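Fold and contact review
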Amino acid sequence: MRIARFSIDGNVGFGVVEGNDLDVIKGHPFAEFERSGQKVPLDKVRLLPPVLPNKVVAIGRNYAEHAKELGNEVDDVPVAFFKPSTSVVGPGDPVVYPSFSQEVHHEAELAVVIGRMCREVPRERVKDVILGYTCANDITARDVQRREAQWARAKGFDSACPLGPWVETELDPGDLTIQCTVNGEQRQLGRTSEMVRSIEDLIVHITEAMTLLPGDVVLTGTPAGVGPLNVGDEVAVTIEGIGTLTNKVIKRG
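Only a predicted model underlies this, so the values are computations on that prediction, with no experimental measurement involved.

**A few points about the nonpolar core**
Core analysis: the biggest nonpolar cluster contains 52 residues, and Tyr133, Ile203, Ile239 and Ile242 have the highest contact counts within it. Counting residues in hydrophobic clusters, the runner-up holds 16 residues, among them Val113, Ala136, Cys161 and Leu163.

**Remarks on the environment of Gly90**
Inspection of the secondary structure assignment puts Gly90 in the loop between β8 (88-89) and β9 (95-97). Residues Gly90 and Pro49, spaced 41 residues apart in sequence, show a C-alpha to C-alpha distance of 3.9 Å. Discounting residues that sit within four places of it in the chain, Gly90 has contacts with Leu48, Pro49, Leu163, Leu245 and Asn247.

**With respect to the pairing of strand β15 (residues 177-182)**
Examined bridge by bridge, β15 and strand β16 (residues 185-191) share 6 bridges and lie antiparallel to one another. The residue bridging Ile178 from the neighbouring strand is Gly190, located in β16. Taking the residues between adjacent antiparallel strands as the criterion, β15 and β16 are bridged by 2 residues, where Asn183 takes a positive phi near 55 degrees. Pairing between β15 and strand β19 (residues 234-239): 5 bridges, direction antiparallel. Bridge pairing links Cys180 to Val237 in β19.

**Comments concerning the state of the cysteines**
Within this structure, the stated rule accounts for 0 disulfides. Cysteine Cys135 remains unbridged, with the sulfur of Cys180 as its closest cysteine sulfur at 11 Å. Residue classification places Cys135 among the buried residues on the basis of a relative accessible area of 0%. The thiol sulfur of Cys161 is not disulfide-bonded, and the nearest other cysteine sulfur, from Cys135, lies at 12 Å. Its relative accessible area of 0% is what places Cys161 among the buried residues.

**Some details on the packing of aromatic side chains**
We describe a pair of aromatic rings using the distance from one ring centre to the other and the angle between the two ring planes. Considering all chains together, one arrives at 2 aromatic pairs under this definition. The interplanar angle of 65 degrees and the centroid separation of 5.2 Å between the aromatic rings of Phe81 and Trp151 together place this pair among those described as edge-to-face. With Phe81 in strand β7 (residues 79-83) and Trp151 in the loop between α2 (142-147) and α3 (152-156), this residue pair connects regions lying 70 residues apart in the sequence. Trp151 matches Phe81 in its accessibility class, with the two residues each being buried. Considering the side-chain rings of Phe100 and Phe157, the 6.1 Å spacing of their centres and the 85 degrees angle between planes classify their relative orientation as edge-to-face. Taken as a pair, Phe100 in the loop between β9 and β10 (104-106) and Phe157 in the loop between α3 and β14 (161-168) lie far apart in primary sequence, 57 residues in all.

**Some points on the pattern of salt bridges**
For the coordinates displayed, the defined rule picks out 18 salt bridges. Here Asp23 and Arg35 are joined by a salt bridge, their closest N and O atoms 3.8 Å apart. Here Asp23 is found in strand β3 (residues 21-26), whereas its partner Arg35 is found in strand β4 (residues 34-41), with 12 residues between them in sequence. By relative accessible area, Asp23 is classed as buried at 5%. Using a relative accessible area of 37% as the deciding quantity, one classes Arg35 as partly exposed. The closest approach of N and O atoms between Lys26 and Glu34, which form a salt bridge, is 4.0 Å. Overall, the relative accessible area of 53% leaves Glu34 in the exposed class. Among the charged side chains, a salt-bridge network with shared partners connects Lys83, Glu107, Asp138, Arg142 and Lys155.

So, how was this worked out
- Residues numbered from 1 in each chain as written.
- Predicted model: local features only at pLDDT ≥ 70, side-chain atom pairs only at ≥ 80, totals over all residues.
- Heavy atoms only, no water.
- Core = buried A, V, L, I, M, F, W, Y, C linked by side-chain atoms within 4.5 Å.
- Buried < 20%, exposed > 50% of the residue type's maximum accessible area, 1.4 Å probe, protein only.
- Helix = DSSP H or I, 4+ residues; strand = E, 2+ residues; numbered from the N terminus.
- Contact = heavy atoms within 4.5 Å.
- Pairing = 2+ DSSP bridges.
- Disulfide = S-S within 2.5 Å.
- Phe/Tyr/Trp six-rings, centres within 6.5 Å; stacked < 30°, edge-to-face > 60°.
- Salt bridge = Lys/Arg side-chain N within 4 Å of Asp/Glu carboxyl O.

Next up, the structure:
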């Protein structure tokens, strides 16, 4: 099931994507819900970020070839960092090039959307706390990341976390194609099976330390091939079984 968050005529809601239509749901997807039977054409709505996370927990260096291309080793434990909720934008929203950086990179990632409040999740229960999966782009000011010990500014600036286009709830994430194109040219191509640590590993590790809330997002790392974005570029992240997330890079006004 594909669940989208959308806006139409100033109203925001959730709907189930069926072909070229949205079947509006009553309530929200983090509890049992009913379909209203009210169908709206997809081309008549604005798709929003599929969730508004309280926090985005991101994992670095979870693909060995990506760690290698940046001159890093795979760490003994997962490298976790935060992207603030204010960094989240949706499909079609602009990525605003930050004024304090001269080198902004794309990072295509599979995002895990949490479906229920959870802490200290045992491995065998991880699937129970996941609502579904969406596409993400961990936009990074690479020059800032290199010169600042903490990654908060490099990865947390406004519009640095595009998510979308919707949440796919019925998906086996174990071996999916993940790719990124810039202006139609392929930059990244990998498979989720290349992750150093599985989604189960990551959720167990994160929830040892903190509570995850419904709508929180976990970014699972990026495959090799990250590279620069420039003002005017159109960047697209496509993940098998989910869809394509597309954003355009603009200059800060």
